[in-house]
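Now for the letters of each chain:
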Amino acid sequence: VALYKSVPTRLLSRAWGRLNGRPLTRVALPHWLRRPVYSLYIWTFGVNMKEAAVEDLHHYRNLSEFFRRKLKPQARPVCGLHSVISPSDGKILNFGQVKNCEVEQVKGVTYSLESFLGPRTSTDDLSFPPAPPCGSFRNQLVTREGNELYHCVIYLAPGDYHCFHSPTDWTVSHRRHFPGSLMSVNPGMARWIKELFCHNERVVLTGDWKHGFFSLTAVGATNVGSIRIYFDRDLHTNSPRYSKGSYNDFSFVTHTNKEGIPMRKGEHLGEFNLGSTIVLIFEAPKDFNFKLKAGQKIRFGEALGSL
């Protein structure tokens, strides 16, 4: 584990991003090479190209474009019966109530909720509501009496659809970007490295929904040279100007926009390069029920849970 942590994953991922992701530096695969390269990838990771908006492999100039391929309309119908849907394709690693300010990344391996989300801001920020100074970090997030704090972890494999969407109707008021490592987040590695999600680069979006606090965190991974949030043009991930161990905040609440960014359930929110993880942490009444099983495969638009 110590040897793996010493690998310069940020530098390697940045180099990958320059070759495949950034418009000014990315390298296009020769036209004749695209079909054999992508066909090998499709076979290795079980990609279903019949769902892709563009099935012609020659259309994708590099692997990054192929990873971020769009789907055909109605390929992922959004469930209207449940209040929270899966924001992406992936595998359910863990879900349930947050207890003792610890969240499980995989079964039996936990990380600190405060380390993951970062400390409360001292400004008047809607994403971190007021709380008693002596309360635990969990109690600082739960805004309504009788509510509980819940979490759900979704792992996106390399063959999955790599865009992610809004899991519910909510308002995004704050973004916190943590520069960090870009270690693999596959379940096997998550079992070995405690607080892996806290070490890795991530983008935390916080706000509120009809039941109180709501957050979605996009966790970076090896070769994820960019985490893109469509409405946030100021976000630049895996950049050399940011050092690990720091974080930077941005508020979407301004004098002209006092509410933030409203998101509708199923609306496009952002995208990854290659595979990664999404973590939902939110407040809900005690009778909130997940419609899930640990380890199950899920697709964007399918139900996560409801009241």
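The shown structure was predicted, so the numbers you read here are calculated from the model rather than taken from an experiment.

Draft legend 1. Looking closely at the overall build of the protein. Broken down by element type, the protein carries 8 helices and 17 strands. The 307 residues of the protein split such that 55% are buried. Contacts in the protein between residues far apart in sequence, at least 24 positions, make up 76% of those at least 6 positions apart. Surface exposure of the protein reaches about 14,100 Å², of which carbon and sulfur atoms provide 56%.

Draft legend 2. Structural detail: the nonpolar core. Cys-152, Phe-164, Trp-170, Leu-280, Phe-282 and Leu-304 are the most contacted members of the largest nonpolar core, which has 31 residues in total. Where this core is concerned, the elements lending two or more residues are strand 5 (147-156), strand 7 (170-178), strand 8 (202-209), strand 9 (212-219), strand 10 (227-229), strand 13 (268-272) and strand 14 (276-285). Core analysis: the second largest hydrophobic core is formed by 21 residues, Val-98, Phe-116, Leu-141 and Phe-178 among them.

Draft legend 3. Layout of the pattern of salt bridges. Tallying each qualifying case throughout the model produces 13 salt bridges. Between Arg-76 and Glu-51 there is a salt bridge; the shortest N-O distance is 2.9 Å. On the criterion of sequence distance, the pair formed by Arg-76 in the loop between helix 4 (63-67) and strand 1 (84-85) and Glu-51 in the loop between helix 3 (31-45) and helix 4 is long-range, its members being 25 residues apart. One continuous salt-bridge network, built from bridges that share partners, spans Glu-51, Arg-76, Asp-89 and Arg-299.

Draft legend 4. Quick look at the side chain of Asn-62. Mapped onto the elements of the fold, Asn-62 is located in the loop between helix 3 and helix 4. Looking at Asn-62, its side chain comes within polar contact range of the main-chain nitrogen of Glu-65, at 2.9 Å.

Draft legend 5. Region of the structure containing the environment of Cys-163. The residue Cys-163 is located in strand 6 (residues 163-165) in this model. Along the chain, Cys-163 and Lys-70 lie 93 residues apart, while their C-alpha atoms are 7.7 Å from each other. The residues contacting Cys-163, other than those within four sequence positions of it, are Arg-68, Lys-70, Pro-87, Ser-88, Tyr-230, Gly-270 and Glu-271.

Draft legend 6. Focus on unusual backbone geometry. Even without being glycine, Gln-74 reaches a positive phi, approximately 70°. Classification of Gln-74 by relative accessible area gives exposed; the value is 69%.

Draft legend 7. Structural detail: the confidence of the model for the protein. On average, residues of the protein carry a pLDDT of 81, and 75% of them reach 70 or more. Confidence drops under pLDDT 50 across residues 21-25; counting only partners more than four residues distant or on other chains, this segment forms 8 contacts. Segment residues 122-135: pLDDT under 50, and 27 contacts once partners within four positions in sequence are set aside and those in other chains are kept.

Draft legend 8. Layout of the sheet that holds strand 13. As summarised here, the arrangement of the 3 strands in space is 6-13-10, forming an open sheet in which the pairing is antiparallel. Among the strands making up the open sheet, the edge pair consists of strand 6 and strand 10. In this sheet, adjacent strand axes meet at a mean angle of 20° when their direction is disregarded. The pairing of strand 10 with strand 13 spans 3 bridges and is classified as antiparallel. Among the inter-strand pairings, Arg-228 is bridged to a residue of strand 13, identified as Glu-271.

Draft legend 9. Expanded view of the pairing of strand 9. In terms of burial, strand 9 is a largely internal element, 8 of the 8 residues being buried. Two elements, strand 8 and strand 9, share 8 bridges in a ladder whose sense is antiparallel. If you follow Leu-205 over to strand 9, its bridge partner there is Leu-216. Adjacent in sequence and paired antiparallel, strand 8 and strand 9 are bridged by 2 residues.

Draft legend 10. Here's a closer look at the sheet that holds strand 15 (residues 289-290). Reading across the sheet, the 3 strands line up as 1-17-15 and stay open at both edges, with antiparallel pairing between neighbours. With one partner strand each, in any of the chains shown, strand 1 and strand 15 form the two edges of the open sheet. Across 2 bridges, strand 15 lies against strand 17 (residues 303-306) in antiparallel orientation. Paired with Phe-290 across the two strands is Gly-305, which belongs to strand 17.

Draft legend 11. Main features of the environment of Gly-90. Relative to the assigned elements, Gly-90 resides in strand 2 (residues 90-97). Gly-90 sits 71 residues away from Tyr-161 along the chain, and the two C-alpha atoms are 8.3 Å apart. Discounting residues that sit within four places of it in the chain, Gly-90 has contacts with Ile-154, Tyr-155, Leu-156, Asp-160, Gln-296, Lys-297 and Ile-298.

About the criteria used
Residues numbered from 1 in each chain as written. Predicted model: local features only at pLDDT ≥ 70, side-chain atom pairs only at ≥ 80, totals over all residues. Heavy atoms only, no water. Helix = DSSP H or I, 4+ residues; strand = E, 2+ residues; numbered from the N terminus. Buried < 20%, exposed > 50% of the residue type's maximum accessible area, 1.4 Å probe, protein only. Contact = heavy atoms within 4.5 Å. Areas by Shrake-Rupley, 256 points an atom, 1.4 Å probe, with all protein chains shown as cover. Core = buried A, V, L, I, M, F, W, Y, C linked by side-chain atoms within 4.5 Å. Salt bridge = Lys/Arg side-chain N within 4 Å of Asp/Glu carboxyl O. Polar contact = N/O pair within 3.5 Å; in protein donor to acceptor, adjacent residues only side chain to side chain. pLDDT = per-residue confidence, 0-100. Pairing = 2+ DSSP bridges. Axes fitted to C-alpha atoms, helices over the stretch in contact; angles between N-to-C directions.

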